[in-house]
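Per-entry structural report
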Amino acid sequence: MIVKFNKDSTLNKLKAAYLDDKVKLTAFEEKLLEQLKYIFSLRLKNKYTKGQAIDKFMTEYGVSRATAYRYYSKSVYLFGELEDINLKAEKIFLAEQYWFLYQMQVRDRAWDDARKALDSYKDLFDFSNNTLDADIDKLKASNYRLVIPKEFLAYMKERSSKGVVNMNMTAEDIGYEELGE
């Protein structure tokens, strides 16, 4: 099913503004974006649980629990869900913290504590596993369904009836912009 939107929703506009500085927001949208950044940063930077982040947001902004949950859902739409990548994210966070502790202990010449921090860092990773984490399904060839306009199809039938078709004869390079996902 294809849906055509005549106007971007507020969330779509916020996402566009977050990804591209050229998009201008109204004062209301700026305020909403700041609130969504705040509730998401409670999870990301402060390491709050979802419930703690929602409680803190309710207290800070004086909103109901239902409103706080709606804002949390909007922030997840904009910035992504932490739960999906939680294990890897936590592992990376712990690795950075252990490495920081190791560096501080080396600087202070506390060799026993430095070794403990390095051992804890090492325990996060399986260095004996030398295989790559490649997804075989992503490496397989894909089949794409191309939809060709009737006019172009008729043109190609006419041209191919006369022999080999030089596709570069009528093609011209145009600029494009990658939009990502």
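Everything numeric in this text was worked out from a predicted model, so none of it was measured.

Axis separation between helix H3 (residues 50-61) and helix H4 (residues 65-79) bottoms out at 9 Å; the angle between their running directions is 120 degrees. It follows that H3 is oblique to H4 by the angle criterion. Handedness of the H3/H4 crossing: right-handed. On H4, the residues that touch Lys-50, Ile-54, Asp-55, Phe-57 and Met-58 of H3 are Arg-65, Ala-68, Tyr-69, Tyr-71 and Tyr-72. Split into classes, the residues belonging to the contact of H3 with H4 amount to seven nonpolar, no polar and three charged.

Attention shifts here to the side chain of Glu-29. For Glu-29, the location among the structural elements is in helix H2 (residues 27-44). In this structure the side chain of Glu-29 is engaged in a polar contact, spanning 3.4 Å, whose partner is the side chain of Lys-13. Reaching out from Glu-29, the side chain makes a polar contact with the backbone nitrogen of Thr-26 at a distance of 2.9 Å.

A complete count under the given rule lists eight aromatic pairs for this structure. On the basis of an interplanar angle of 35 degrees and a centroid distance of 6.5 Å, the ring pair of Phe-152 and Tyr-155 is categorised as tilted. Linking Phe-152 with Tyr-155, this pair stays in helix H8 (residues 150-160), spanning three residues, or about one helical turn. On the basis of relative accessibility, which here comes to 35%, the residue Phe-152 falls in the partly exposed class. The class of Tyr-155 is partly exposed, set by a relative accessible area of 28%. Above the plane of the ring of Tyr-71 lies Lys-74, whose end atom (NZ or CZ) is 5.4 Å from the centre.

The next thing to look at is the nonpolar core. Membership of the largest hydrophobic core comes to 14 residues, with the highest contact counts inside it found for Leu-14 and Leu-36. With five residues, H4 is the largest single contributor of residues to this core.

What follows deals with unusual backbone geometry. Even without being a glycine, Arg-109 presents a positive backbone phi close to 60 degrees. Within the secondary structure layout, Arg-109 lies in the loop between helix H5 (86-107) and helix H6 (111-123). Classification of Arg-109 by relative accessible area gives exposed; the value is 61%.

On to the confidence of the model for the protein, then. This prediction gives the protein a mean pLDDT of 80; 83% of its residues lie at or above 70. Confidence, expressed as mean pLDDT per element, reaches its minimum in the protein at helix H9 (residues 167-170) with 60 and its maximum at H3 with 91.

Parameters at a glance
Residues numbered from 1 in each chain as written. Predicted model: local features only at pLDDT ≥ 70, side-chain atom pairs only at ≥ 80, totals over all residues. Heavy atoms only, no water. Axes fitted to C-alpha atoms, helices over the stretch in contact; angles between N-to-C directions. Helix = DSSP H or I, 4+ residues; strand = E, 2+ residues; numbered from the N terminus. Parallel < 35°, antiparallel > 145°, perpendicular 65-115°, else oblique. Left-handed = near helix turned anticlockwise from the far one by under 90°. Contact = heavy atoms within 4.5 Å. Nonpolar A, V, L, I, M, F, W, Y, C, P; charged D, E, K, R; others polar. Polar contact = N/O pair within 3.5 Å; in protein donor to acceptor, adjacent residues only side chain to side chain. Phe/Tyr/Trp six-rings, centres within 6.5 Å; stacked < 30°, edge-to-face > 60°. Buried < 20%, exposed > 50% of the residue type's maximum accessible area, 1.4 Å probe, protein only. Lys NZ or Arg CZ within 6 Å of the ring centre and 35° of its normal. Core = buried A, V, L, I, M, F, W, Y, C linked by side-chain atoms within 4.5 Å. pLDDT = per-residue confidence, 0-100.

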